[in-house]
Amino acid sequence: MQRRAQREQRDQRAKRLHRVLVCAAAVPVMLVAAGCSSDSGSGDSTDKAAKAAASASASPSPTVEAAAYGKLPEPCKVLSKKTLKDLVPESKSGKEGKSDDISARGNCSWNSLDNNGVKGSQFRWLNVSMLRFESDVARGPADKLAQEYFEKQVQDAQAVEGAKSTKSEPVPGTGDEATAVRYELKKKEGTFKQQTVVARVENVVVTIDFNGAGLAGDKSPSADDLMKDAKKAAKEAVAAVSEANGAGGGKASGAPSESESPSKSPSKSASKDASDEPSDDASKAPSKKPASKS
């Protein structure tokens, strides 16, 4: 009986050892299967990344329509001699303002003082300013930037401090859009009647500032007459911009192109207009009454 019990114990130990060996042999098989599965997933991820990179490289770079006009006329030559004679008869020549880029911005001003001695004097001041915009991928096409600046110029003219009897009106037949603003500004020398015409043609904004005053007891000029002259000057200046760029504008081709660097865009420095392009007639008014003719 004892021997039989010992044999049964040996048989049980042998069976347990067999099961352990079978399980141990199954473990490497499971690891190999898991390894194959992992390699397959890595390959799929690599393929997807490669396809995404290829798709991104095939996407076109952002572009914007090229500016219509690429240059400006000489500011002191945009108005004819006859127009200057009508508006500023006593002026000998225009004074051109400083510009860091004459193809992007320019202005010219004229002073006229008709001194009639004890009968008083007639003062006139005329300024022509031009600002050209370049298309910019980040900020938009040039004509849109010009339109935004056009609207700002009109708003500034309508909000001059101390202005009286301010009126605005559209000016048809002058560029793509134009607005005229008139007002009166009283100074110690007299009442100055200011006329401002802002016009946009394509990507260029033209601003005409024209004012007049009767000094030393002379009567004030007619605001209607001054406005008529200012509108005439604006129309002439707009035509000069178009002519400077040739028939049909200054586009080299109809294909869209990327813009210049924003740092070179005149729209970036529009805030400099107050110094480069004077618009307040009070700054140009004579501080003293003109001396009488001998």
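This text goes with the structure placed above it.
Here the structure is a predicted model, which means the values were calculated and not measured.

Peer 1: Go over the packing of aromatic side chains, please, and point to the residues and values.
Peer 2: What the rule picks out here adds up to two aromatic pairs. Here the aromatic rings of Phe123 and Phe192 are separated by 6.0 Å at their centres, their planes lie at 80°, and the arrangement is edge-to-face. Taken together, the residues Phe123 in strand E3 (residues 121-132) and Phe192 in strand E6 (residues 190-201) connect sequence positions 69 residues apart. Classification of Phe123 by relative accessible area gives buried; the value is 5%. Taking the relative accessible area as the measure of exposure, Phe192 reaches 0% and is therefore buried. Geometrically, the ring pair formed by Phe133 and Tyr149 is tilted, given 5.6 Å between the ring centres and 50° between the ring planes. With Phe133 in the loop between E3 and helix H3 (142-158) and Tyr149 in helix H3, this residue pair connects regions lying 16 residues apart in the sequence.

Peer 1: Explain the sheet that holds E6 to me, using residue names and the numbers behind them.
Peer 2: What the seven strands build is an open sheet, ordered E1-E2-E3-E7-E6-E5-E4; its pairing is antiparallel. What marks the edges here is a single partner per strand, and that holds for strand E1 (95-96) and strand E4 (164-170). When E1 meets strand E2 (residues 105-115), the two strands line up antiparallel, connected through two bridges. The residue bridging Glu96 from the neighbouring strand is Cys108, located in E2. Packing against the sheet, helix H4 (residues 223-244) makes contact with E3, E4, strand E5 (177-187), E6 and strand E7 (204-215), and its axis sits at approximately 30° to E6.

Peer 1: Give a description of the nonpolar core that names residues and reports values.
Peer 2: Grouped together as the largest cluster of nonpolar side chains are 32 residues, with contacts concentrated most on Leu79, Trp110, Leu126, Val197, Val206 and Ile208. Looking at this core, the elements with two or more residues in it are helix H2 (81-87), E2, E3, E5, E6, E7 and H4. Top contributing element to this core by residue count: H4, with nine residues. With residues up to four places along the chain from it excluded, the contact list for Val197 reads Val171, Thr179, Ala180, Val206, Thr207, Ile208, Met227, Ala230, Lys231 and Ala234.

Peer 1: Can you break down the pairing of E2 residue by residue, with the values?
Peer 2: Burial analysis of E2 places eight of its eleven residues in the buried class, which makes it a mostly covered element. For E2 and E3, the ladder comprises eleven bridges, and the chain directions are antiparallel. Counted as the bridge partner of Asn107 is Ser129 from E3. Counting the residues that bridge the hairpin from E2 to E3 gives five residues, and of these Gly117 lies at a positive phi of roughly 65°.

Peer 1: Explain the environment of Val88 to me, and be specific about the residues and the numbers.
Peer 2: Topologically, Val88 is positioned in the loop between H2 and E1. Along the primary structure Val88 and Ser112 are separated by 24 residues, whereas in three dimensions their C-alpha atoms are 5.1 Å apart. Those residues in contact with Val88 that lie beyond four places of it in its chain are Trp110, Ser112, Arg124 and Leu126.

Peer 1: Provide a residue-level description of the environment of Ala146, including the pertinent values.
Peer 2: Locating Ala146 in the fold gives a position in helix H3. Assessed through its relative accessible area of 0%, Ala146 is described here as buried. Considering only alpha carbons, one finds Ala146 and Glu134, twelve residues apart in sequence, at a separation of 8.9 Å. With residues up to four places along the chain from it excluded, the contact list for Ala146 reads Phe133, Arg200, Glu202, Asn203, Val204 and Val205.

Peer 1: Describe the pattern of salt bridges, and please don't skip the residues or the numbers.
Peer 2: Following the criterion strictly, the structure yields eleven salt bridges and no others. Put simply, Asp156 and Lys152 hold a salt bridge, and the shortest N to O gap is 3.0 Å. Taken together, the positions of Asp156 and Lys152, both in helix H3 and four residues apart, correspond to about one turn of that helix. Using a relative accessible area of 38% as the deciding quantity, one classes Asp156 as partly exposed. Residue classification places Lys152 among the partly exposed positions, given a relative accessible area of 44%. Note that Arg200 is salt-bridged to Asp176, the shortest N-O span being 3.8 Å. Placement of Arg200 in strand E6 and of Asp176 in the loop between E4 and E5 is noted, with a sequence separation of 24 residues between them. We classify Arg200 as buried; its relative accessible area is 12%.

Thresholds, definitions, all that
Residues numbered from 1 in each chain as written. Predicted model: local features only at pLDDT ≥ 70, side-chain atom pairs only at ≥ 80, totals over all residues. Heavy atoms only, no water. Phe/Tyr/Trp six-rings, centres within 6.5 Å; stacked < 30°, edge-to-face > 60°. Helix = DSSP H or I, 4+ residues; strand = E, 2+ residues; numbered from the N terminus. Buried < 20%, exposed > 50% of the residue type's maximum accessible area, 1.4 Å probe, protein only. Pairing = 2+ DSSP bridges. Contact = heavy atoms within 4.5 Å. Axes fitted to C-alpha atoms, helices over the stretch in contact; angles between N-to-C directions. Core = buried A, V, L, I, M, F, W, Y, C linked by side-chain atoms within 4.5 Å. Salt bridge = Lys/Arg side-chain N within 4 Å of Asp/Glu carboxyl O.

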